[in-house]
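Here is how the chains run, residue by residue.
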Amino acid sequence: MSLQETLSNQVKQAVLASFNVEIESVEFQATRKEFAGDITIVVFPLLRFVKGNPVQIGETIGDYLVENVSDVKAFNVVKGFLNIEISDSYYINFFNGIKGDENYGFVSSSSNEKAVMVEYSSPNTNKPLHLGHIRNNLLGYSVSEILKASGKKIYKTQIINDRGIHICKSMLAWKRFGNEETPESTGLKGDKLVGNYYVKFDQEYKKEIQVLVEEGQTEEEAKKNAPILLEAQEMLRQWESGDEDTVALWKTMNGWVYNGFNETYRNLGVDFDTLYYESDTYLLGKEFVAEGLKSGVFHKEEDGSVWCDLTHEGLDKKIVQRADGTAVYMTQDIGTAIQRIKDFPDVGGMVYTVGNEQDYHFQVLFLILKKLGFDWAKNLYHLSYGMVDLPSGKMKSREGTVVDADDLIVEMTDTARNISQELGKLDGYSEEEKEGIYQTIGLGALKYYILKVDPKKRILFDPKESVDFQGNTGPFIQYTYARIQAILRKASIEEKDVAVELDIKEKELLKQLQLFPETIQNAASQHSPALIANYTYDLVKLYNSFFQNISIFGADSENEKIFRVQLSRAVSNTIKNAFSVLGINVPARM
RNA sequence: GGUCGCAUAGCUCAGCUGGAUAGAGCACCUGCCUUCUAAGCAGGCGGUCCUAGGUUCGAAUCCUAGUGCGAUCACCA
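Residues numbered from 1 in each chain as written. Chains lettered and ligands numbered in written order. Predicted model: local features only at pLDDT ≥ 70, side-chain atom pairs only at ≥ 80, totals over all residues. Heavy atoms only, no water.

Within the secondary structure, Ser 568 is located in helix 21 (residues 558–582). Excluding its chain neighbours within four sequence positions, the residues that come into contact with Ser 568 are Ile 484, Tyr 543, Phe 546 and Ile 552. (Helix = DSSP H or I, 4+ residues; strand = E, 2+ residues; numbered from the N terminus. Contact = heavy atoms within 4.5 Å.)

For helix 2 (residues 54–68), built from 15 residues, the straight-helix expectation of 21 Å at 1.5 Å per residue is met to within 8% by its first-to-last C-alpha distance of 21 Å. Those residues of helix 2 that sit buried are Pro 54, Ile 57, Gly 58, Ile 61, Gly 62, Tyr 64 and Leu 65. Along helix 2, the residues classed as buried sweep out an arc of 165° about the axis, all on the same side. The outward face of helix 2, more than 90 degrees from its buried face, is lined by the exposed residues Gln 56 and Glu 67. Looking at the buried residues of helix 2, the elements they touch are helix 1 (3–19), strand 2 (39–42), strand 3 (72–78) and strand 4 (81–86). At the N-terminal end of helix 2, a side-chain oxygen is found 2.7 Å from the backbone nitrogen of Val 55, two or three residues along, and the residue is Asn 53. (Expected span 1.5 Å × (residues − 1). Buried < 20%, exposed > 50% of the residue type's maximum accessible area, 1.4 Å probe, protein only. Arc of directions from axis to C-beta. Polar contact = N/O pair within 3.5 Å; in protein donor to acceptor, adjacent residues only side chain to side chain.)

Moving on: the pairing of strand 3. Sheet analysis places strand 3 next to strand 4, joined by 6 bridges and oriented antiparallel. Within strand 4, the position partnered with Ala 74 by the bridge is Glu 85. The turn joining strand 3 and strand 4, which pair antiparallel and follow one another in sequence, is formed by 2 residues; a positive phi near 50° is taken by Lys 79. (Pairing = 2+ DSSP bridges.)

Read across the open sheet, the 5 strands follow the order 7-6-5-11-12; overall the sheet is parallel. Two strands in the sheet have a free side with no partner beyond their single neighbour: strand 7 (274–277) and strand 12 (380–385). Adjacent strand axes in the sheet meet at a mean angle of 25° when their direction is disregarded. Relative to strand 7, strand 6 (residues 154–160) is paired through 4 bridges, and the arrangement is parallel. (Axes fitted to C-alpha atoms, helices over the stretch in contact; angles between N-to-C directions.)

To continue, consider the nonpolar core. By size, the foremost hydrophobic cluster in this structure holds 144 residues, and its most contacted members are Ile 61, Leu 65, Ile 134, Phe 563, Leu 567 and Val 571. When residues in this core are grouped by element, the largest group, 11 residues, is from helix 21. Counting residues in each nonpolar core, the second largest holds 36 residues, with Leu 310, Val 320, Val 354 and Leu 372 among its members. (Core = buried A, V, L, I, M, F, W, Y, C linked by side-chain atoms within 4.5 Å.)

Here the focus is empty space enclosed by the protein. Under the definition given, this model contains 2 cavities of 30 Å³ or more. By volume, the largest cavity amounts to about 40 Å³. Lining the largest cavity we find Ile 98, Lys 99, Asp 101, Tyr 104, Leu 513, Ala 570, Asn 573 and Thr 574. A breakdown of the residues in the lining of the largest cavity according to their chemical character gives 4 nonpolar, 2 polar and 2 charged. Of the voids in this model, the second largest cavity is the one considered here, and its volume is about 40 Å³. If you go around the second largest cavity, the residues you meet are Leu 284, Gly 285, Glu 287, Phe 288, Gly 335, Ile 338, Gln 339 and Lys 342. Looking at the lining of the second largest cavity, the elements that each hand over two or more residues are helix 12 (286–295) and helix 13 (329–343). (1 Å grid on protein atoms, 1.4 Å probe; cavity = no way out; pocket = protein on both sides within 12 Å on 5 of 7 lines; lining within 4 Å. Points joined across faces, edges and corners; volume = space filled by probe spheres on them. Nonpolar A, V, L, I, M, F, W, Y, C, P; charged D, E, K, R; others polar.)

Our next topic: the packing of aromatic side chains. Taken as a whole, this structure holds 24 aromatic pairs when the rule is applied. Between Tyr 448 and Phe 579, the ring centres sit 6.0 Å apart and the planes meet at 35°, which makes this aromatic pair tilted. Of the two residues, Tyr 448 is situated in helix 16 (residues 431–451) and Phe 579 in helix 21; the sequence distance between them amounts to 131 residues. For the pair formed by Tyr 448 and Phe 579, the shared burial category is buried. One aromatic cluster is present, built from ring pairs that chain together Tyr 120, Phe 261, Tyr 265 and Phe 272. (Phe/Tyr/Trp six-rings, centres within 6.5 Å; stacked < 30°, edge-to-face > 60°.)

Counted residue by residue, strand 11 (residues 347–355) has 9 buried out of 9 residues, so it is predominantly covered. Here 5 bridges tie strand 5 (residues 115–119) to strand 11, and the two strands are oriented parallel to one another. Within strand 11, the residue paired with Met 117 across the bridge is Met 350. Bridge count for strand 11 against strand 12 is 6 bridges, and the pairing is parallel. If you follow Val 354 over to strand 12, its bridge partner there is Ser 384. Chirality of the crossover, the property in question, places the unit of strand 11, helix 14 (residues 359–371) and strand 12 among those that are right-handed. (Right-handed = clockwise from strand over helix to strand, strands pointing away.)

All right, on to the side chain of Gln 10 then. Secondary-structure assignment places Gln 10 in helix 1. If we skip the residues at most four places from it in the chain, Gln 10 touches Tyr 64, Leu 65, Asn 68 and Val 69.

The element helix 3 (residues 88–98) is largely enclosed, with a buried count of 8 among its 11 residues. Along helix 3, the positions that sit buried rather than exposed are Asp 88, Tyr 90, Tyr 91, Ile 92, Phe 94, Phe 95, Asn 96 and Ile 98. Looking at the packing, one finds that the buried side of helix 3 touches helix 1, strand 4, helix 18 (504–514) and helix 21.

As structure tokens, then:
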């Protein structure tokens, strides 16, 4: 039983014994620094049941707790706050229980629980990944790892948008202007090469519009009639009819893009358990339109289009099938969700990592799936996140105002290299080892910078102001980890449980360590890596203060030295575990 | 216009189910490297928690209305 549960029961008994009243719950909070004590019981809520002066009630309960709970050492009452001092032995016991646990904070998954499928990334195959994708990838990966750490089984997936007019545009431009260029012949990453032709298409398209306008067409007509666009549309029709040459080119160019994406994913440190391709799934869902019509969830208009009326739920009417019988985006998503459950029958819920511009779409999607009667539909979660904006406004790939993912990773690594070389602490390491550390730090800075912010909020990213390496940052936390490793390398202690008198800083560290498991659970239920990031920062702040103010090797007694080394190790292990669910590595030196 | 989200220090952000004098980092200013890694520590400066009402013993937190910013409301995906 946790301390809080014990205290809660004892407080209830105290109130029953002293005032003859039964209360349901007791409210706790951490004691503020300026008061003596470790945990505080708020007396005010009890006033509803117990008439009297809050201070006196607090005193009465305090007396009872000191008398009856061995871990309660002393208490004081300030206004309606009952501050309780907990004995050192309680914290020492806790520490000895967890200090050897490498997986502290993590819950291993139980086989009888349903798995969760997390979708993230899901790019289009006509252009390279940018900063917005980075946020998506980091969030999706981290939430997956957090859910895993909280005891869930996870499948990471993405749906690759590999078909449609956008990829035909790149294909067409390559055919016209590409001179048989390949990633090999140009030395370009495949996604970059294909992206270049997407831009090329747009440039040509604009030129043709210009010409048509000069010939007397309106801008609107010109946009529809530009020959290059008509040709791209024709290409899409050919693709849909299975034209061999078109499909072959499509496969080749998508293959280039996948190679490029995989390199970026590898550098970013994210991965997937299973992939879905829109070219396979875009026809799914129509059978459920028929079923929904039968059950009355959907209805047909005179022109043959099929709709779902959600006005009773406070939403609009939503189309699920066009008049010509073809599927729309919503139809596909319905079909894909159902397909996933078929493919992975142990999945009982899904998380969609998609930007907040699609909030409405997912609200509707989840509602429709519920109406269609799927019991897993209640376990769907849209991990919605704010856009990453630049000072100049939104990122637009066609206008070239994007922060390229690969470039950014290189830049961050360069910054880490510069700072590190200036500090010169890596002497004696090989160049290869050094590069690995630079990348760990650079990526750590980037990932932490993005993940520490509440997913719901927008991020303003200024490429001119480099991401910080000091203060509340990834490198700060990594630095503390490396610092502890230096201690551990030098320390030779006898491994045993020791009992020492705790310094205030040591006690604060133990309290913070105690919070880690519940922080993982909270982060999982709220789908928020930011909670882990902030927890870790608090832990590291406390450790650094301890480190700088208390000597480890210069401890007064051998037992104190042993305890401090063990405490340092437990802190570094917790940092490592916390960062692992954020997808951030920790260096042994930096 | 309807709906959804956000608004806290000059800047970037915390603030858990309502609790004590609202916290960090950056920036600016002071100190601390001959001793375990100074990417650090100790301290200073800095607040109309968007506004107005309401609920409550108690509101940054909950409710209502308003303001500002963003998103969305396609037989596009």
